[in-house]
Amino acid sequence: MYRESAIHYPQDEMTTMLIPVTIGCPWNRCTFCTMYKDDKYSLVPMEQIRQQLINGYKYTEKVFLTGADPLYIGFEKMMEILALTRAYLPYCARVASYASIRSVSIYSDEELSKLHHAGLRLLYIGFESGSDRFLKLMNKGHTREDAIREGKRLEKAKLPYNAIILTGIGGEGTWKENVRDTVSMINQIHPKTLITMNLMLMEGSDLSALVEQGEYTPASQIENLLETRALLENLDPEKEMDFDTTHPTNIIKIKGRLPGERERLLGEISRVLDKNQD
C-alpha cells in the first residue's frame, strides 16, 4: 500500500500537490542508493489515483507525481493520469515528475510531445555524471551517450527537464575528471535547471560496502566545493539555465541563472572555500 511507503519529492515541490503513482523503483540497483531498497516495485491502482485527484483542491495549480520513476508506467497510463488531472483539477497548469534516462527512452518522439501537450511540463532526471566510468561504478543503467540522446529528444518534444548531477561521485581525487566529462555532456543539451547534490553514503548501500572494503574513498567537502566551482567556470549553456546547489546534501546553498549570474555565484563559492581552507 503506497500510504505505508516513504514518499520522496524535490524540495522545489514542497508546496505542490503530491499524487503517488508508483511504489518503489523499477531499477533499484544504483550502487549509492537505498531509498527504495525495501519497497517492491508496483503501480498505484488508477482508481486510487482518481480518488486523490477528485478529493484535491479544485484550484490546485501544480501537481507532482511521486515514485522513483513514474514515467516508467508507459504512455497510455501517463496519458490517462494527465487526462484525469485536467478533468478534476482544471486550473492545474503544470504536472511534474521524476524520470530516468531509461524511462524517457521507452517513449517515441511523438509520445513525448503528446505528454507535453497533455500537461506534463517538467521532469526531474538523475543524469548524475557525464563520465561513463563513474556511471558504471554507480550502476546507473545508462551511458553518457544515452543521456545526451534523451536530453536532445526531450528538447525536440519541448518537454522541459531538470538535470540532477552528483558532485563527488567518483570518490577522492576524481573531481577534475568528473567536471570535464559532465561539463562536456551538459554543454550539449539544454536542461531548465542543473541541480547539484553531494554524493552521500547511505547505510546499507553497495557503496558503503565498497568503502568498508577499502575499494572506494569518498571525496572531501573541499573537493566537492572545488568541483562545484569548476562546473560553474566551465558550463557554457546556449540558452539560459538555472544553477542550483540548495539541496540539503550540499555544503553551499546558492542559486542563480547562467550565464548572467556566473560571477556572483563564483564569488559565493570562493568565500566558502576561503573559510574552509583557512
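So, here's what we can say about the structure. (Residues numbered from 1 in each chain as written. Predicted model: local features only at pLDDT ≥ 70, side-chain atom pairs only at ≥ 80, totals over all residues. Heavy atoms only, no water.)

1. Examining the overall build of the chain
- On a plain count of helices and strands, the chain comes out with 10 helices and 10 strands.
- Over its C-alpha atoms the chain spans a radius of gyration of 19 Å, differing by no more than 12% from the 19 Å that the globule rule assigns to 278 residues.
- Its C-alpha atoms give the chain principal-axis dimensions of roughly 55 × 45 × 30 Å.
- Looking at the chain residue by residue over its 278 residues, the buried ones come to 53%.
- Looking at the chain alone, contacts between residues at least 24 apart form 79% of all its contacts between residues at least 6 apart.
- Accessible surface, the chain as shown: approximately 13200 Å² in total, 49% of it carbon and sulfur. (Helix = DSSP H or I, 4+ residues; strand = E, 2+ residues; numbered from the N terminus. Rg over C-alpha atoms; globule rule 2.2 N^0.38 Å. Buried < 20%, exposed > 50% of the residue type's maximum accessible area, 1.4 Å probe, protein only. Contact = heavy atoms within 4.5 Å. Areas by Shrake-Rupley, 256 points an atom, 1.4 Å probe, with all protein chains shown as cover.)

2. Observations regarding empty space enclosed by the protein
- Applying the stated criterion across every chain yields a total of four cavities of 30 Å³ or more.
- Size it by volume and the second largest cavity reaches roughly 50 Å³.
- Considering the residues around the second largest cavity, the lining is formed by I186, N187, I189, H190, P191, D236, P237, E238, K239, E240 and M241. (1 Å grid on protein atoms, 1.4 Å probe; cavity = no way out; pocket = protein on both sides within 12 Å on 5 of 7 lines; lining within 4 Å. Points joined across faces, edges and corners; volume = space filled by probe spheres on them.)

3. Here's the deal with the nonpolar core
- Of all hydrophobic cores here, the largest spans 61 residues; its most connected members are L71, L115, L120, L123, I125 and F127.
- Setting aside chain neighbours within four positions, we find F127 in contact with I101, L135, H142, A147, Y161, A163, I164, I165, M185 and I189.
- With 14 residues, the next largest nonpolar core counts F32, A68, M138 and L199 among its residues. (Core = buried A, V, L, I, M, F, W, Y, C linked by side-chain atoms within 4.5 Å.)

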